[in-house]
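# Residue-level structural notes
Here is how the chains run, residue by residue.
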Amino acid sequence: MESSIVFGADGIKSPIRNQILKTGSIRSSGQKCWRGLVDFELPEQHHHEAFEMWGKGKRFGFVKISEKKVYWYACINERSFSRDSEIEDIFKDFNELVLNIIKATSKDNIICNEISDLTPIPQWYAKNLCLIGDAAHATTPNMGQGACQAIEDAYVIGRLLEKNKDFNSVFEEFQKIRRKKVDYIVNTSRTIGKISQWEHGNSLRNFMMSLIPESINQKMAKKIIELEL
């Protein structure tokens, strides 16, 4: 099959990016994360919110995603725990609800990955080629924005093509529109990941976080949600 235009939407390890643009490197966060899916009856107060708990070098979060299904994740600083440590042992000092969620999850429904992102690359496009999503700007999952930003990429390119059929011109304009926002998300997400898993000064961290005014949280949310076009 032949095509005059190529979109590189092939993920953080993008062969297209590596072969043609020859740029970008995968950057480890020093953390690994288990993710699980389980049928579990959460207490009523957790039916309509995502919940995350922070500990020393580790955190656990969960959210109800359907009538019976609960999605959860458990992140740790790799250097601080033995490779042979079991997830239940690592989080045994957390709330009993956390342990019950973990125990109720079949091992077949748990995956574990290293948390990483992509170092910012200078250009997302070349002649007749454009990278989108993780291939262009992979981020850590701390803001839940990986898939969201890929969808925004596709939307922006679609809108630009309504006005201009010159793909190469569209690719250049696409990067100008999207660059500032995705760089902010990649950098902020990485910082949140580091702060949430501090191993020293946790009391100070928690106190400082409690002082952040709601207006700042709203401003951050607005920056993430708004789409410039």
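The structure under discussion appears in the preceding block.
Everything in this summary refers to the structure shown in the same document. (Residues numbered from 1 in each chain as written. Predicted model: local features only at pLDDT ≥ 70, side-chain atom pairs only at ≥ 80, totals over all residues. Heavy atoms only, no water.)

Turning our attention to the overall build of the chain. When its secondary structure is counted, the chain shows 8 helices and 8 strands. Principal axes of the C-alpha set define a box for the chain whose edges measure 60 × 40 × 40 Å. Expressed as a percentage of the 229 residues in the chain, the buried residues total 39%. In the chain, once contacts between residues fewer than 6 apart in sequence are set aside, the share between residues at least 24 apart is 71%. Carbon and sulfur atoms form 53% of the exposed surface of the chain, whose accessible area is close to 13,600 Å². Distance from the positive charge centre (32 side chains) to the negative charge centre (30 side chains) of the chain: 5 Å. (Helix = DSSP H or I, 4+ residues; strand = E, 2+ residues; numbered from the N terminus. Buried < 20%, exposed > 50% of the residue type's maximum accessible area, 1.4 Å probe, protein only. Contact = heavy atoms within 4.5 Å. Areas by Shrake-Rupley, 256 points an atom, 1.4 Å probe, with all protein chains shown as cover. Lys, Arg positive; Asp, Glu negative; His and termini not counted. Charge placed at Lys NZ, Arg CZ, Asp CG, Glu CD.)

The next thing to look at is the side chain of Ser189. For Ser189, the position within the fold is in helix H6 (residues 167–196). Accessibility expressed as a relative area gives 0% for Ser189, which makes it buried. Setting aside residues up to four positions removed in sequence, Ser189 forms contacts with Thr139, Thr140, Pro141, Asn142 and Met143.

One finds Trp124, Cys130, Leu131, Ile157, Leu160, Phe171 and Phe174 to be the most contacted residues of the largest nonpolar core, which totals 23 residues. Contributing elements (two or more residues each) for this core: strand S8 (129–131), helix H4 (134–137), helix H5 (146–163) and H6. Of all the elements, H6 adds the most residues to this core, at 5 residues. With sequence-adjacent residues up to four places away left out, Leu131 is seen in contact with Gly8, Ser14, Ile16, Arg17, Leu21, Ile121, Trp124, Ala136 and Phe174. If you look at the next biggest cluster of nonpolar residues, it comprises 20 residues, including Phe62, Phe94, Val98 and Ile101. (Core = buried A, V, L, I, M, F, W, Y, C linked by side-chain atoms within 4.5 Å.)

In this structure, Glu199 sits in the loop between H6 and helix H7 (202–210). Aside from chain neighbours lying at most four places away, what touches Glu199 is Lys56, Gly57, Asn77, Arg79 and Ser80. A polar contact of 2.8 Å, which involves the side chain of Glu199, links it to the side chain of Asn77. In this structure the side chain of Glu199 is engaged in a polar contact, spanning 2.4 Å, whose partner is the side chain of Ser80. (Polar contact = N/O pair within 3.5 Å; in protein donor to acceptor, adjacent residues only side chain to side chain.)

Right, let's talk about the pattern of salt bridges for a bit. Going through the model one piece at a time under the given rule, you end up with 12 salt bridges. Where Glu52 meets Arg59, a salt bridge forms, and the shortest distance between an N and an O atom there is 3.9 Å. Residue Glu52 is classed as partly exposed on the basis of its relative accessible area, which comes to 31%. Here Lys222 ties to Glu226 by a salt bridge, and the two come within 3.8 Å at their closest N and O atoms. For Lys222, a relative accessible area of 51% corresponds to the exposed category. Within the structure, one salt-bridge network assembled from shared partners comprises Glu152, Asp153, Arg178 and Lys181. (Salt bridge = Lys/Arg side-chain N within 4 Å of Asp/Glu carboxyl O.)

By the secondary structure assignment, Gly146 is in helix H5. Each C-alpha atom, one on Gly146 and one on Trp198, is 23 Å from the other, the two residues being 52 residues apart in sequence. Beyond its immediate stretch of four places on either side in the chain, Gly146 contacts Asp134 and Thr139.

So, about the pairing of strand S3 (residues 51–54). Pairing of S3 with strand S4 (residues 58–64) involves 4 bridges; the strand directions are antiparallel. Paired with Glu52 across the bridge in S4 is Gly61. As consecutive antiparallel partners, S3 and S4 are separated by 3 residues, and within that stretch Gly57 has a phi angle of approximately 70°, a positive value. (Pairing = 2+ DSSP bridges.)

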